[in-house]
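Topology and contacts: notes
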Amino acid sequence: MPAHCRRSLLPLLVLPILLAGMGCDLVTAEFRSEETTEWRKSYELPTGGQVEIVNVNGRINVEPSTGRTVEVVAIEKAKGSSPEAAKEALKRITIQDEQSSSGIRIETKIARKDSMFGGGLEVEYHVKLPADAGVRLQTVNGGVDVRGLTGSVRAETTNGGVDADGLAGPVEASTTNGGLNIGMAQVSGDIRLECTNGGIRLRVPKDARATVTARVTNGGIDTGGLSIETSGETTRRRLEGRLNGGGPAIHLETTNGGVHLSGR
C-alpha cells in the first residue's frame with residue numbers, strides 16, 4: 001500500500017479507539033459520587049400471613065424477630081457524576097407497599113432515564129419478621145439471604161445467589177446465574193431448588209426423611225455419604241431415591257453446575 005494511503009487511513013483507525021476511551025471516561029464520571037437514603041416501616045403480621053418483597057437491583061436479607069412485628073429497612077443507593085446528580089437519581093426510586101388481611105407486599109419501582117448513561121440505582125432490603133411467616137422474595141440483580149425461618153420460603157433471583165440456613169418449612173428457590181446454598185434445620189415440606197448456571201448445595205439433618213430427585217446436565221451429583229435407597233434411574237447425572245425411607249419431595253436440578261446433598 002502506498003505511504004500516502006497509509007497516512008490517510010491512520011486517523012480512521014485511531015478515531016474509534018479515542019471514542020471508546022472517551023466512553024469509558026464518561027461512564028467513570030457518571031458514577032463518581034454515591035448518595036444513600038433509608039426507607040423504614042413496621043407492620044403487624046397476622047398468624048399465617050405472608051411477606052412478599054419484589055426488588056430490581058440489590059440484595060434482600062431476611063431474619064426472624066420476636067412477636068408479630070415486621071420491620072423493613074430499605075437502603076436506597078444512587079450513583080452519579082456529582083453529589084447533586086446522585087441525589088437527583090435517588091428520586092427515580094420508589095418503594096410501594098400494600099398491607100391486607102393475608103399479608104404484606106413491598107415492591108421497588110425504578111423510573112427509566114432517557115439519557116444513554118443513567119445513574120446506578122440499587123435498593124438493599126433488611127427485613128425482620130415472625131419466624132413462622134411465609135416469605136416470597138424476588139430480585140433481578142442481587143442475592144437473597146434468609147435465616148432461621150420455619151414458614152414457607154420462596155426465593156428467586158436472576159443474577160445472584162440464594163443463601164439460606166436454619167429453615168424448617170417448604171422451600172422453593174431458583175436462580176439463572178448464581179448458586180443455591182440451602183441449610184435445613186428440618187425437612188417438614190417439599191424442597192425444590194433449580195438453577196441454570198451455578199451449583200446447588202443442600203444440607204439436611206442426617207435423620208431427615210425425604211424422597212429425592214436430582215438432575216444435572218453438565219456436572220455431577222454428590223450425596224455426601226447419606227444413606228439413600230435408590231430407585232428408578234440412577235447415573236452420575238441422575239438420581240432417584242428415598243432418604244431414611246422417604247418423605248417430603250426434594251427436587252434438585254441444575255444445567256451447568258453440580259449438586260451436593262449432605263447431612264448435618
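The present account deals with the structure reproduced in this document. (Residues numbered from 1 in each chain as written. Predicted model: local features only at pLDDT ≥ 70, side-chain atom pairs only at ≥ 80, totals over all residues. Heavy atoms only, no water.)

Topic: the overall build of the protein chain
Each helix and strand counted, the protein chain has two helices and 21 strands in total. Within the protein chain, residue pairs in contact and separated by at least 24 positions form 58% of the contacts whose partners lie at least 6 positions apart. In the form shown here, the protein chain has an accessible surface area of approximately 13,400 Å², with 50% of it arising from carbon and sulfur atoms. (Helix = DSSP H or I, 4+ residues; strand = E, 2+ residues; numbered from the N terminus. Contact = heavy atoms within 4.5 Å. Areas by Shrake-Rupley, 256 points an atom, 1.4 Å probe, with all protein chains shown as cover.)

A closer look at the side chain of T157
Along the polypeptide, T157 turns up in strand β10 (residues 153-159). When sequence neighbours within four positions are dropped, the list of residues in contact with T157 reads T139, V140, G142, V162, S174, T175 and T176.

Section: the nonpolar core
In terms of nonpolar packing, the biggest core is built from 58 residues, with Y125, L193, L202 and V204 touching the most fellow members. Apart from the residues within four sequence positions on either side, V204 is in contact with M184, V187, L226, L243, I250, L261, S262, G263 and R264. (Core = buried A, V, L, I, M, F, W, Y, C linked by side-chain atoms within 4.5 Å. Buried < 20%, exposed > 50% of the residue type's maximum accessible area, 1.4 Å probe, protein only.)

Regarding the pairing of strand β15 (residues 200-204)
Side-chain alternation along β15 places I200, L202 and V204 on a buried face and R201 and R203 on a face that remains uncovered. Pairing between β15 and strand β21 (residues 259-263): five bridges, direction parallel. Bridge assignment links L202 to a residue of β21, and that residue is L261. (Pairing = 2+ DSSP bridges.)

Description of unusual backbone geometry
The phi dihedral of N244 falls on the positive side, at around 55°, and the residue is not glycine. Take N244: it is sitting in the loop between β19 (238-243) and β20 (249-256). By relative accessible area, N244 is classed as partly exposed at 31%.

As for the sheet that holds strand β13 (residues 180-184)
Read from one edge to the other, the open sheet built from ten strands follows the order β1-β4-β7-β3-β9-β11-β13-β15-β21-β17, with strand pairing classed as mixed. Of all strands in the sheet, those bounded by a partner on one side alone are β1 (33-44) and β17 (221-222).

Remarks on the pattern of salt bridges
Working definition: two side chains of opposite charge can pair if their charged atoms are close together. With the rule as written, the count across this model stands at 15 salt bridges. Overlapping salt bridges, with partners in common, bring together E52, R105, E107 and K109 in one network. (Salt bridge = Lys/Arg side-chain N within 4 Å of Asp/Glu carboxyl O.)

Some details on the sheet that holds β20
Spatially, eleven strands are ordered β5-β6-β2-β8-β10-β12-β14-β20-β16-β19-β18 in an open sheet, and the strand pairing comes out mixed. Each of the sheet's edge strands pairs with one partner strand only, and the pair in question is β5 (93-100) and β18 (228-230). Between one strand axis and the next, the sheet turns by 10° as a mean value, whatever way the strands run. (Axes fitted to C-alpha atoms, helices over the stretch in contact; angles between N-to-C directions.)

Here's the deal with the environment of S188
Position of S188 relative to the elements: it lies in the loop between β13 and β14 (191-197). The spacing of S188 and A249 is 61 residues in sequence and 9.8 Å in space, taken between C-alpha atoms. What S188 contacts, discounting residues up to four positions off in sequence, is A168, G169 and P248.

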